[in-house]
Amino acid sequence: MEPEIRAALLKLYLEQLRTFGDGDAASIRGDVRTETVRRVEEAPAAGWLPIAFEVEIVQAVQRRRGDDGVRELGRALGRVATETPVLRPLVTATLAMLGRRPEVLAWIAAKGWNVATRNAGHATYLRRGPGLVHVVLEDLPPVSRDRAHLLRSCGGIEGLYAWAGRAARVDLVWEPGTDRAIFVSSWG
């Protein structure tokens, strides 16, 4: 089965390209296949689209803006994705019960992956000590074994922390081509 992501989130990708200003946003969008943009724009928000579209978009960002641009897009997405119908119920319920502690936010990030994607691997949360948690993605399909795609996730988790008023750094631990990635969240 093809790895997929919720269309609502891919629609956010295209909207959040404006983070880079009109010129770069247009250039990045122009670097994405017309068919991909059309399918994202026309899809119902509750539908599913190939995760390959996400990878295509973040690779276009990486070509234009480098790793920092990919993380920047991820941070923008992490801040606004909490308000989508896909993630809002998870975020609202969890924060109401457990608060905005950094460990809780990492747990939300792991569960968010599992809600927002299908056939795209499985995310878990592991507390590693004071000021340190890991979100682990396992069984990543080949299309998701992409540095830009994984760095976007680092930025997304950082954006979730920022949205909740927390500062954190998220680093990627991953061997190219492997089906396991670890996002190490640390805060002071």
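Rules and cut-offs
Here, residues in each chain are numbered from 1, in the same order as that chain's written sequence. With the structure being a predicted model, the display of local features is reserved for residues of pLDDT at least 70 and the display and counting of side-chain atom pairs for 80 or more, all residues being used for whole-chain, interface and lining totals. Side-chain numbers come from the whole structure's heavy atoms, not from hydrogens or water. Pairing between strands is defined by DSSP: at least two bridges between the two strands are required. Runs of H or I in DSSP of at least four residues are treated as helices and runs of E of at least two as strands, each being numbered from the N terminus. Any two residues whose heavy atoms approach within 4.5 Å at even a single point are treated as in contact. Think of each axis as a best-fit line through the C-alpha atoms, taken over the contacting stretch in the case of a helix, with angles from 0 to 180 degrees between the N-to-C directions. Here, nonpolar core refers to any group of buried Ala, Val, Leu, Ile, Met, Phe, Trp, Tyr and Cys residues whose side-chain atoms link them within 4.5 Å. Exposure classes here rest on a 1.4 Å probe applied to the protein chains alone. A residue is buried below 20% of its type maximum, exposed above 50%, and partly exposed in between. Put simply, two rings from Phe, Tyr or Trp (the six-membered ring, in Trp's case) pair if the centres are within 6.5 Å, and we call them stacked under 30 degrees between planes, edge-to-face over 60, tilted for the rest. For a Lys NZ or an Arg CZ to count as sitting over a ring, it must be within 6 Å of the ring centre and within 35 degrees of the ring normal. Should an angle fall under 35 degrees it is called roughly parallel, over 145 degrees roughly antiparallel, and 65 to 115 degrees roughly perpendicular, with every other angle called oblique. Note on convention: near helix rotated counterclockwise from far helix by under a right angle means a left-handed crossing. Clockwise means right-handed. As a working rule, the residues Ala, Val, Leu, Ile, Met, Phe, Trp, Tyr, Cys and Pro are called nonpolar, Asp, Glu, Lys and Arg charged, and the rest polar, with Gly in that last group. Each reported salt bridge corresponds to a side-chain nitrogen of Lys or Arg within 4 Å of a carboxyl oxygen of Asp or Glu.

Examining the sheet that holds strand S2 (residues 48-50)
Next, step 1: With antiparallel pairing, the three strands of this open sheet are ordered in space as S2-S1-S3. Both edges of this open sheet fall to S2 and strand S3 (117-118), since each of them pairs with a single strand only.
Next, step 2: Across the sheet, helix H4 (residues 51-80) touches strand S1 (4-6), S2 and S3, and the angle it forms with S2 is around 60°.

Here we look at the nonpolar core
Next, step 1: Ranked by internal contacts, the top residues of the largest apolar core, which has 59 residues, are Leu10, Leu17, Leu73, Ile108, Val135, Tyr161 and Phe183.
Next, step 2: Looking at which element gives the most residues to this core, the answer is H4, with nine residues.
Next, step 3: Residues contacting Leu10, with those up to four places away along its chain left out, are Ile5, Val40, Leu49, Pro50, Phe53, Glu54 and Ile57.

Examining the packing of aromatic side chains
Think of a pair of aromatic rings as described by two things: how far the centres are apart, and how the planes are tilted against each other in angle.
Next, step 1: Using the criterion set out here, one finds one aromatic pair in the structure.
Next, step 2: Judged by centre distance (6.2 Å) and plane angle (40°), the ring pair of Tyr161 and Trp187 falls under tilted. Taken together, the residues Tyr161 in helix H7 (residues 147-163) and Trp187 in the segment after strand S7 (181-186) connect sequence positions 26 residues apart.
Next, step 3: Taking NZ or CZ as reference, Arg100 lies 4.7 Å from the ring centre of Trp163, over its face.

Side note on the side chain of Gln16
Next, step 1: Structurally, the position occupied by Gln16 is in helix H1 (residues 7-16).
Next, step 2: Setting aside chain neighbours within four positions, we find Gln16 in contact with Leu73, Ala76, Leu77 and Val80.

Some words on the packing of helix H5 (residues 88-98) against helix H6 (residues 102-116)
Next, step 1: Contact geometry of H5 with H6 gives a least axis separation of 11 Å together with a crossing angle of 155°. In terms of orientation, H5 and H6 fall into the roughly antiparallel class. Considering how the two elements wind past one another, H5 and H6 form a crossing that is right-handed. Together, Leu90, Val91, Thr94, Leu95 and Leu98 of H5 and Val104, Leu105, Trp107, Ile108, Lys111 and Gly112 of H6 make up the contact between the two elements.
Next, step 2: For the contact of H5 with H6, the class distribution of residues is eight nonpolar, two polar and one charged.

Looking at the pattern of salt bridges
Next, step 1: On inspection of all chains with the given rule, the structure shows 18 salt bridges.
Next, step 2: Of the charged contacts, one joins Arg63 and Asp31 as a salt bridge, the two residues approaching to 2.8 Å between their closest N and O atoms. Of the two residues, Arg63 is situated in helix H4 and Asp31 in helix H2 (residues 21-31); the sequence distance between them amounts to 32 residues.
Next, step 3: Since its relative accessible area comes to 36%, Asp31 is described here as partly exposed.

So yeah, pure geometry; function would need other evidence.
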